[in-house]
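Structure at a glance
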Amino acid sequence: MICPHCESRISKVIDSRESAEGTRRRRICGSCRRRYSTQERASTVKVPMIIKRDLRRESFDPNKLLNSLSTACAKRPLPVGKIEEMVSEIRNELSSTDVSEISSEIIGTIVMGKLKEIDRVAYIRFASVYLDFNDPDQFKSEVESLEINTASSETNGQLSFLDNLDEKNTTTKGLISVKKTVN
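Predicted model only: the values in this text are computed from it and were never measured.

Side note on the pattern of salt bridges
Counted according to the given criterion, the structure contains eleven salt bridges. Between D119 and R76 there is a salt bridge; the shortest N-O distance is 3.0 Å. Placement of the pair is D119 in the loop between α3 (104-118) and α4 (120-130) and R76 in the loop between α1 (62-72) and α2 (82-95), with a sequence separation of 43 residues. A relative accessible area of 3% means that D119 is categorised as buried. Relative accessible area serves as the criterion here: at 28%, R76 is assigned to the partly exposed category. Salt bridges linked by common partners bring D54, R56, E58 and K64 together as one network.

Description of the pairing of strand β1 (residues 11-19)
As judged from the eight bridges shared by β1 and strand β2 (residues 22-29), these two strands associate in the antiparallel manner. Bridging from a neighbouring strand, K12 pairs with I28 of β2. Remark: two residues form the turn of the hairpin made by β1 and β2, two consecutive strands paired antiparallel.

As for the packing of α1 against α2
As a packed pair, α1 and α2 sit with axes 10 Å apart at the nearest point and diverge in direction by 135°. Between α1 and α2, the angle falls in the class oblique. The chirality of how α1 crosses α2 is right-handed. Counted together, P62, L65, L66, L69 and S70 of α1 and I83, E84, M86, V87, I90 and R91 of α2 form the full contact between these two elements. Looking at the contact of α1 with α2 residue by residue, the class counts come to eight nonpolar, one polar and two charged.

Some details on the confidence of the model for the protein chain
For the protein chain, per-residue confidence averages 80 on the pLDDT scale, and 79% of positions sit at 70 or higher. Mean pLDDT per element in the protein chain: helix α6 (residues 165-182) is the minimum at 46, and strand β5 (residues 57-58) is the maximum at 94.

A closer look at the side chain of T38
Take T38: it is sitting in strand β3 (residues 35-40). Using a relative accessible area of 10% as the deciding quantity, one classes T38 as buried. The contacts of T38, once residues within four sequence positions are left out, are M1, T23, R24, R25 and R27.

Focus on α4
Buried within α4 are the following residues: R120, A122, Y123, I124, F126, A127 and Y130. The opening residue of α4 is D119, an N-cap whose side-chain oxygen sits 3.0 Å from the backbone nitrogen of V121.

Scoring rules and cut-offs
Residues numbered from 1 in each chain as written. Predicted model: local features only at pLDDT ≥ 70, side-chain atom pairs only at ≥ 80, totals over all residues. Heavy atoms only, no water. Salt bridge = Lys/Arg side-chain N within 4 Å of Asp/Glu carboxyl O. Helix = DSSP H or I, 4+ residues; strand = E, 2+ residues; numbered from the N terminus. Buried < 20%, exposed > 50% of the residue type's maximum accessible area, 1.4 Å probe, protein only. Pairing = 2+ DSSP bridges. Axes fitted to C-alpha atoms, helices over the stretch in contact; angles between N-to-C directions. Parallel < 35°, antiparallel > 145°, perpendicular 65-115°, else oblique. Left-handed = near helix turned anticlockwise from the far one by under 90°. Contact = heavy atoms within 4.5 Å. Nonpolar A, V, L, I, M, F, W, Y, C, P; charged D, E, K, R; others polar. pLDDT = per-residue confidence, 0-100. Polar contact = N/O pair within 3.5 Å; in protein donor to acceptor, adjacent residues only side chain to side chain.

The following block contains the structure:
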């Protein structure tokens, strides 16, 4: 801190108090020995307003995003804190932009990209709500496009959606026919 009396940079904090406006500190100058007060505030991160699909505007709510991601990632084998880390990364991306408003569709695209990298099942869960699938064919085509896109890329040890699908159907049909003959 620079002393307002002699402009010396040598000072000592003699008292510190928290208040609604921030932290108030009483200081004593090391050169002129005069006292002065400083007020310190934590800088707030400016996140753009969100433009919803119906053109309403609302402020970014990290808890709302956290709840959506928690629902999509429920019962998935994700590392502890991964969802909170994603919310923090998205908030940082938004605050680093120079725009005052951003479309919710852009945020949804960012979220789906991050989910696709860490857990494809969570991605499909989120996409089914976000993309508002109207019929099973849309859902199936999204799963298939995910399989095609990840077949050539790294899948981070995730299981395939469609591997052994025919074997499972055959086994299930076999079990059903066995149950029918037993009854």
